[in-house]
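# Analysis of the macromolecular model
Read off the chains here:
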Amino acid sequence: NAIEGAPRVDIGLRSFRSVLDTVKVLANYQRYSLRQELAQRQRMGIGRFITEKDIERRQPIVLSDLLWTTPGVFVSRGMGIQQNVSMRGLFTDRCQPSLFLNGFAMFLADFGSAPFSFTDLDAMVRPDDVLAIEVYAAGQVPPSLGVGMTGCGAIAVWTR
């Protein structure tokens, strides 16, 4: 549409074909999965791991049943099905370890924050839904669990 009385304007676009060379981008993307991350930490030889195969073989009723045979972890039965989980600490005989569910802190030892315990986790997570459990003694908690580096160790539960 022309505007009455306006001068004519011709516009053209120049090609940059002669100026820019073709750019090829080569990339290799490998999705870093949780299974790979767990396998890498297991190969490091620090901590103890309870895998899907262990869970399938042992057929636990509740999640804390899997910890009964884990060295350095003490499971005591409370009232009803409640089970209390403790570990050896750096400065104490027994203490409540930091607890993580899918990387999120449920309870942080030495800080008393996040009011969840293993009893709560028993009620929230079915053993059939668990991919793996990592158990770390005091002073051996990996940086991936960050704030879990306390005087009491940590237990990390990962679901599918």
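Everything below is about the structure printed above this text.
Quick caveat, the model's predicted, so the values are computed rather than measured.

Enumeration over the complete set of coordinates arrives at one disulfide. Here C95 is linked by a disulfide to C152, with a sulfur-sulfur distance of 1.9 Å. The S-S bond linking C95 to C152 shows a torsion near 105 degrees; that makes this disulfide right-handed. One end of the pair, C95, is in the loop between β3 (83-87) and β4 (98-101); the other, C152, is in the loop between β6 (130-136) and β7 (154-159), with 57 residues separating them in the sequence. C152 shares its class with C95; the two are buried.

Time to look at the pattern of salt bridges. The final tally for this structure, using the stated rule, is seven salt bridges. Between D10 and R8 there is a salt bridge, with the nearest N and O atoms lying 3.2 Å from each other. We note that D10, like R8, is exposed. In this structure, E37 and R41 form a salt bridge, with 2.7 Å as the shortest nitrogen-oxygen distance.

Turning next to the packing of aromatic side chains. Enumeration over the complete set of coordinates arrives at one aromatic pair. Centre to centre, the rings of F49 and Y136 are 6.3 Å apart; their planes meet at 85 degrees, and the pair counts as edge-to-face. Here Y136 lies in strand β6 and F49 lies in strand β1 (residues 48-51), a separation of 87 residues in the sequence. It is R94 that lies over the ring of F74; its NZ or CZ is 3.7 Å from the centre.

Quick look at the sheet that holds β6 now. Reading across the sheet, the five strands line up as β1-β6-β7-β4-β5 and stay open at both edges, with mixed pairing between neighbours. Looking at which strands have only one partner, the edges of the open sheet turn out to be β1 and β5 (104-107). Shown here is a sheet whose adjacent strand axes are inclined to one another by a mean of 20 degrees, direction ignored. Of the strand pairs in this sheet, β4 and β5 are connected by three bridges, and their pairing is antiparallel. Counted as the bridge partner of F100 is A105 from β5. Across the face of the sheet, helix α1 (residues 34-43) comes into contact with β1, β6 and β7 while running at roughly 30 degrees to β6.

To continue, consider the pairing of β3. Burial runs high along β3: four of the five residues are buried. Pairing geometry for strand β2 (residues 73-77) and β3, over five bridges, is antiparallel. If you follow V75 over to β3, its bridge partner there is V85.

Rules and cut-offs
Residues numbered from 1 in each chain as written. Predicted model: local features only at pLDDT ≥ 70, side-chain atom pairs only at ≥ 80, totals over all residues. Heavy atoms only, no water. Disulfide = S-S within 2.5 Å. Helix = DSSP H or I, 4+ residues; strand = E, 2+ residues; numbered from the N terminus. Buried < 20%, exposed > 50% of the residue type's maximum accessible area, 1.4 Å probe, protein only. Salt bridge = Lys/Arg side-chain N within 4 Å of Asp/Glu carboxyl O. Phe/Tyr/Trp six-rings, centres within 6.5 Å; stacked < 30°, edge-to-face > 60°. Lys NZ or Arg CZ within 6 Å of the ring centre and 35° of its normal. Pairing = 2+ DSSP bridges. Axes fitted to C-alpha atoms, helices over the stretch in contact; angles between N-to-C directions. Contact = heavy atoms within 4.5 Å.

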